[in-house]
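Structural overview for review
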Amino acid sequence: MAIDIKADKAEFIGLLKSTGREGMDYVISDLEDLGFFDAPASAGHHLNTVGGLVRHSLNTYRAAMAIYDSMKTLEPSLSGDVKPESIIIATLLHDVCKADIYKRTVKKRRDQLGNWVDSEGYKVSYRNFPMGHGEKSVIWLLCAGLALNDDEMLAIRWHMGAWGINMNSLEETRSYDTARKLYPLVSIVHSADTLAASLLERTAEELDEI
């Protein structure tokens, strides 16, 4: 999947600035310093390449807008419950937690003949700020100076859906269930994130390995 890093970065920044949200310029500057615009979206799965994280964020935004537009025909009240600028913020910034965890490395993998060969890739390290996943994104954005609404914080925190829950914690389970009932943005972002990774970003190679 070819990625135009410069074009994706320009679109990403343009969308964020279009929200007019207080503190956004600080966030963009900090993302630059953090290496967000060069980071992959994963270590060995979807968009594990330079610029992959920005492309995944844009794919999540596009999927979320498609969901939002379609669902409004089924539930008109959604227009009042979810703001387009909140979709931009929650989708484009849901994975800032990944910006500092991927490190370049050389891995061993099997080629088409079954031989082990060296392959450039990424390893994962959480040593910079081991705060978790969605919660790390929320905390990082608040520390960067971004003013977030409640639904935006919760949509980012729970963008992994049930996969982000400690099933041994009744408090987390009930918090997630309450968040998605109170704020439609939570379900929209989680659904969009899933569709982006599993549909928009799947490759022929991945399908061959099934």
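Below: a short report on this structure. (Residues numbered from 1 in each chain as written. Predicted model: local features only at pLDDT ≥ 70, side-chain atom pairs only at ≥ 80, totals over all residues. Heavy atoms only, no water.)

**Re the overall build of the protein chain**
Definition in use: Under the scheme used here, helices are H or I runs from DSSP no shorter than 4 residues and strands are E runs no shorter than 2 residues, and both carry numbers assigned from the N terminus. Throughout, radius of gyration means the C-alpha value; the globule benchmark is 2.2 Å times the number of residues raised to the power 0.38. Partly exposed describes any residue whose relative accessible area lies between the buried limit of under 20% and the exposed limit of over 50%, with all areas from a 1.4 Å probe on protein chains only and scaled to the type maximum. Residue contacts follow a heavy-atom distance rule, with two residues in contact if any of their heavy atoms lie within 4.5 Å. We treat Lys and Arg as the positive residues and Asp and Glu as the negative residues; His and chain ends play no part in the count. Throughout, a charge is located at the NZ atom of Lys, the CZ atom of Arg, the CG atom of Asp or the CD atom of Glu.
Within the protein chain one finds 10 helices and two strands. Of the regular secondary structure in the protein chain, the N- to C-terminal order runs α-α-α-α-α-β-β-α-α-α-α-α. Whereas a compact globule of 210 residues would reach a radius of gyration of roughly 17 Å, the protein chain reaches 18 Å, a difference of no more than 12%. The principal-axis extents of the C-alpha atoms in the protein chain amount to approximately 55 × 35 × 35 Å. Burial analysis of the protein chain (210 residues in total) assigns 43% to the buried set. Of the contacts made within the protein chain by residues no fewer than 6 positions apart, 63% connect residues no fewer than 24 positions apart. Measuring between centres, the 23 positive side-chain charges of the protein chain sit 4 Å from its 31 negative side-chain charges.

**Brief notes about the packing of aromatic side chains**
How we decide: Aromatic rings from Phe, Tyr and Trp, taking only the six-membered ring of Trp, are treated as a pair when their centres fall within 6.5 Å; an angle between ring planes under 30 degrees marks them as stacked, one over 60 as edge-to-face, and anything in between as tilted. Definition used: whenever NZ (Lys) or CZ (Arg) falls within 6 Å of the ring centre and also within 35 degrees of the ring normal, the charge is taken to sit over that ring.
This structure, assessed with the given rule, holds five aromatic pairs. Ring geometry for phenylalanine 36 versus phenylalanine 37: centroids 5.6 Å apart, planes at 90 degrees, classification edge-to-face. Note on accessibility: phenylalanine 36 and phenylalanine 37 belong to one class, buried. Between tryptophan 158 and tyrosine 176, the aromatic rings sit 5.5 Å apart at their centres with planes inclined by 55 degrees, giving tilted as the arrangement. Remark: tyrosine 176 occurs in helix H8 (residues 170-182) and tryptophan 158 occurs in the loop between helix H7 (150-157) and H8; sequence separation between them is 18 residues. A relative accessible area of 12% means that tyrosine 176 is categorised as buried. Taken together, the aromatic side chains of Phe12, Phe36 and Phe37 make up a single cluster linked through ring pairs. Between the NZ or CZ atom of lysine 9 and the centre of the ring of phenylalanine 37, over which it lies, the distance is 5.0 Å.

**With respect to the packing of helix H3 (residues 52-74) against helix H9 (residues 184-200)**
Here is the rule: Fitting a line to C-alpha atoms yields each axis, with helices limited to the stretch in contact; the angle taken between N-to-C directions then spans 0 to 180 degrees. Here the word oblique covers every angle except those under 35 degrees (roughly parallel), over 145 (roughly antiparallel) and from 65 to 115 (roughly perpendicular). Handedness of each helix crossing follows the sense of rotation of the near helix against the far helix: counterclockwise by less than a right angle gives left-handed, clockwise gives right-handed. Each residue is assigned to one class: nonpolar for Ala, Val, Leu, Ile, Met, Phe, Trp, Tyr, Cys and Pro, charged for Asp, Glu, Lys and Arg, and polar for all the others, Gly among them.
For the pair H3 and H9, the least separation of the axes is 8 Å and the interaxial angle reads 120 degrees. With respect to each other, H3 and H9 are oriented oblique. H9 is crossed by H3, and the crossing has right-handed handedness. Facing His56, Asn59, Thr60, Ala63, Ala64, Ile67 and Tyr68 of H3, the residues of H9 in contact are Ile188, Val189, Ser191, Ala192, Asp193, Leu195, Ala196, Ala197 and Leu200. Residue classes in the contact of H3 with H9 are distributed as 11 nonpolar, four polar and one charged.

**Let's talk about the environment of lysine 103**
Basically, it comes down to this: Polar contacts, as used here, are pairs of N or O atoms within 3.5 Å; protein pairs need one atom able to donate a hydrogen and one able to accept it. Residues neighboring in sequence count only if both atoms are side-chain atoms.
Mapping lysine 103 onto the fold places it in strand E1 (residues 102-110). When sequence neighbours within four positions are dropped, the list of residues in contact with lysine 103 reads Gly121, Tyr122, Lys123 and Asn128. From its side chain, lysine 103 meets the backbone oxygen of aspartate 100 in a polar contact 3.2 Å long.

**A look at a nonpolar patch on the surface**
Definition in use: By definition, no residue in a patch forms a salt bridge, and every one has over 30% relative accessible area; like charges are joined within 9 Å, nonpolar side chains (Val, Leu, Ile, Met, Phe, Trp, Tyr) within 5 Å. Only the protein chains shown count as cover for residues, with accessible areas throughout obtained via the Shrake-Rupley method and a probe of 1.4 Å. Salt bridge, as used here: a side-chain nitrogen of Lys or Arg that lies within 4 Å of a carboxyl oxygen of Asp or Glu.
Nonpolar side chains collect at one region of the surface, where Phe129, Met131 and Ile139 lie side by side and expose about 210 Å² of accessible area between them. Its relative accessible area of 31% is what places phenylalanine 129 among the partly exposed residues.

**Some remarks on the pattern of salt bridges**
By the definition in use, this model includes 11 salt bridges. For the salt bridge of lysine 72 with aspartate 69, the shortest nitrogen-to-oxygen distance reads 3.8 Å. Of the two residues, lysine 72 and aspartate 69 both sit in helix H3, three residues apart, roughly one turn of that helix. Since its relative accessible area comes to 26%, lysine 72 is described here as partly exposed.

**Some points on the side chain of arginine 55**
Inspection of the secondary structure puts arginine 55 in helix H3. The exposure class assigned to arginine 55 is buried, which follows from its relative accessible area of 13%. Within the structure, arginine 55 has its side chain in polar contact with the side chain of aspartate 8 (distance 2.7 Å).

**Details of H9**
Note the threshold: To estimate how far a helix should extend, the number of its residues minus one is multiplied by 1.5 Å.
With 17 residues, H9 should reach 24 Å at 1.5 Å per residue; the first-to-last C-alpha distance of 22 Å fits that figure. Within H9 the residues assigned to the buried category are Leu185, Val186, Ile188, Val189, Ala192, Asp193 and Ala196. Looking at the buried side of H9, the elements it contacts are H3, helix H4 (78-81), helix H5 (84-92), H7 and H8.

**Quick notes on the nonpolar core**
Condition: Only buried residues count toward a nonpolar core. Its members are Ala, Val, Leu, Ile, Met, Phe, Trp, Tyr and Cys residues joined through side-chain atoms within 4.5 Å.
Core analysis: the biggest nonpolar cluster contains 47 residues, and Phe12, Val27, Leu31, Phe36, Leu93 and Leu141 have the highest contact counts within it. The element contributing the most residues to this core is H3, with nine residues. In contact with leucine 93, not counting residues within four places along its chain, are Phe12, Leu16, Val27, Leu31, Ser137, Leu141, Leu146 and Ile156.

So far we have only geometry, and geometry alone does not tell us how the molecule works.
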